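Here are the chains, one letter per residue:
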Amino acid sequence: MIVVMKRGATRASIANVIVRREQAGYRTHVSEGEERTIVGIIGNGRPLDREQIGRMAGVERAVPILRPFKLASREFHPHDTVVDINGISIGLQQVIVIAGPCAVEGPEQMLEAARAVKDAGAHMLRGGAFKPRTSPYSFQGLGEEGLRILAQVREATSLPIITEVMDPQMVPLVTTYADVLQVGARNMQNYALLNAVGDSQRPVMLKRGMMSTIEELLMSAAYILSHGNERVILCERGIRTFETYTRNTLDLSAVPLLKQLCHLPVVVDPSHGTGKWELVEPLSLAAVAAGADGLLIEVHPHPEDALSDGAQSLKPARFAALMQNLRAVAEAVGRTL
Ligand code: PEP
Ligand code: MN
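Conventions used here
- Residues numbered from 1 in each chain as written.
- Chains lettered and ligands numbered in written order.
- Predicted model: local features only at pLDDT ≥ 70, side-chain atom pairs only at ≥ 80, totals over all residues.
- Heavy atoms only, no water.
- Axes fitted to C-alpha atoms, helices over the stretch in contact; angles between N-to-C directions.
- Helix = DSSP H or I, 4+ residues; strand = E, 2+ residues; numbered from the N terminus.
- Parallel < 35°, antiparallel > 145°, perpendicular 65-115°, else oblique.
- Left-handed = near helix turned anticlockwise from the far one by under 90°.
- Contact = heavy atoms within 4.5 Å.
- Nonpolar A, V, L, I, M, F, W, Y, C, P; charged D, E, K, R; others polar.
- Donors = N, O, S within 2.8 Å, 3.2 Å for Na, K, Ca; no water.
- Buried < 20%, exposed > 50% of the residue type's maximum accessible area, 1.4 Å probe, protein only.
- Near = heavy atom within 4 Å.
- Polar contact = N/O pair within 3.5 Å; in protein donor to acceptor, adjacent residues only side chain to side chain.
- Areas by Shrake-Rupley, 256 points an atom, 1.4 Å probe, with all protein chains shown as cover.

Draft legend 1. A look at the packing of helix 7 (residues 214-225) against helix 8 (residues 254-261). Running from amino to carboxyl end, helix 7 crosses helix 8 at an angle of 50°, the nearest separation of the two axes being 11 Å. Judged on the interaxial angle alone, helix 8 and helix 7 are oblique. Relative to helix 8, helix 7 is oriented so that their crossing is right-handed. In this structure, helix 7 uses Ile 214, Leu 217 and Leu 218 to contact helix 8, whose residues at the interface are Ala 254, Leu 257, Leu 258 and Leu 261. For the contact of helix 7 with helix 8, the class distribution of residues is seven nonpolar, no polar and no charged.

Draft legend 2. Inspection of the coordination of the manganese ion (ligand 2) at higher detail. Listed as protein donors to the manganese ion (ligand 2) are Cys 102 (SG), His 272 (NE2), Glu 298 (OE) and Asp 309 (OD); their distances from the metal cover 2.0 to 2.3 Å. Considered as a linear motif, the donors of the manganese ion (ligand 2) on their single chain read C-x169-H-x25-E-x10-D. A residue pair is termed long-range when its members are at least 10 positions apart, and His 272 in helix 9 (residues 270-274) and Glu 298 in strand 14 (residues 294-298) qualify at 26 residues. The same class applies to His 272 and to Glu 298, which are both buried.

Draft legend 3. Inspection of the site of ligand 1 at higher detail. Every residue close to ligand 1 is listed here: Arg 126, Lys 131, Pro 132, Glu 164, Gln 182, Gly 184, Ala 185, Arg 186, Lys 207, Arg 237 and His 272. The separation between an oxygen atom of ligand 1 and a polar side-chain atom of Lys 207 is 2.7 Å. A distance of 2.6 Å separates an oxygen atom of ligand 1 from a polar atom in the side chain of Arg 237. Out of a free accessible area of 300 Å², ligand 1 has 96% covered by protein chains. When its residues are assigned to classes, the shell around ligand 1 shows two nonpolar, three polar and six charged.

What follows is the structure, encoded as structure tokens:
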């Protein structure tokens, strides 16, 4: 429910609405606008007495939240959420670029990739230690050894790291190494995992499932938010369609739509979105033009030798050129890089 306070409602009347609901076990979110304050109240299935709340001092009206992804909705939380990752803010004017190889393959590969993306201006480093591969015969990742390598490379480059966690029981382990926990497309509706990353209170990047609607993505985000973890970043990474020339169909309309429906930052992954390195630059530019708050780009020092996703990985020089061209698009749409 959204409680719209009267213009000039006193602090005491606003506090009364919040405290009374929180004491009864509801979650609240306060948005202070120029003219009036809005209090969002979520009951997690418990009924709310709209009439009674409407009669409280200072309340103008109480209206139900219509969107099913309540905590993720703009109705509940009108202002943009900004996610801070060790001093890097995602969701403000600056477009945040997260780059690195698909998988951690070893210390040399990871350090070479990290230095290259950092030199080109990337803000964060990606690399999978636990890889959700379609085939059980494909490289599955280095596991905890991969996490240790990521931590060493963060030490050497000071780039924050994002890495995937596939299993709720692995959340404590991955949390000891990673700055951001990635929930992959295949796990977008793994509710036990969503609850575990929610509980971790660590920033989470939630990738859209390859067969998932925007509404389903937002409901999954609401699971994480329901644990009081507000640091959630959404990622559009392409959906499966009848088209076969690309690995997925990158749904760039999701970017402005998500920004309209929801308050969370939105990142685009043109690497998994297309599966082809040649398409990564044009779609990166388009994503930023469409309003993306960040990009997730696979970069490998030697894509021809990559243990996973070499065909969609940029060489460092191409990534550096992309960053140059991105700067111009970012500026054209009032953003910085
Ligand atoms: C990844 O980013 O490492 C990955 C596996 O992507 P997705 O979950 O989108 O397939
Ligand atoms: Mn990959």
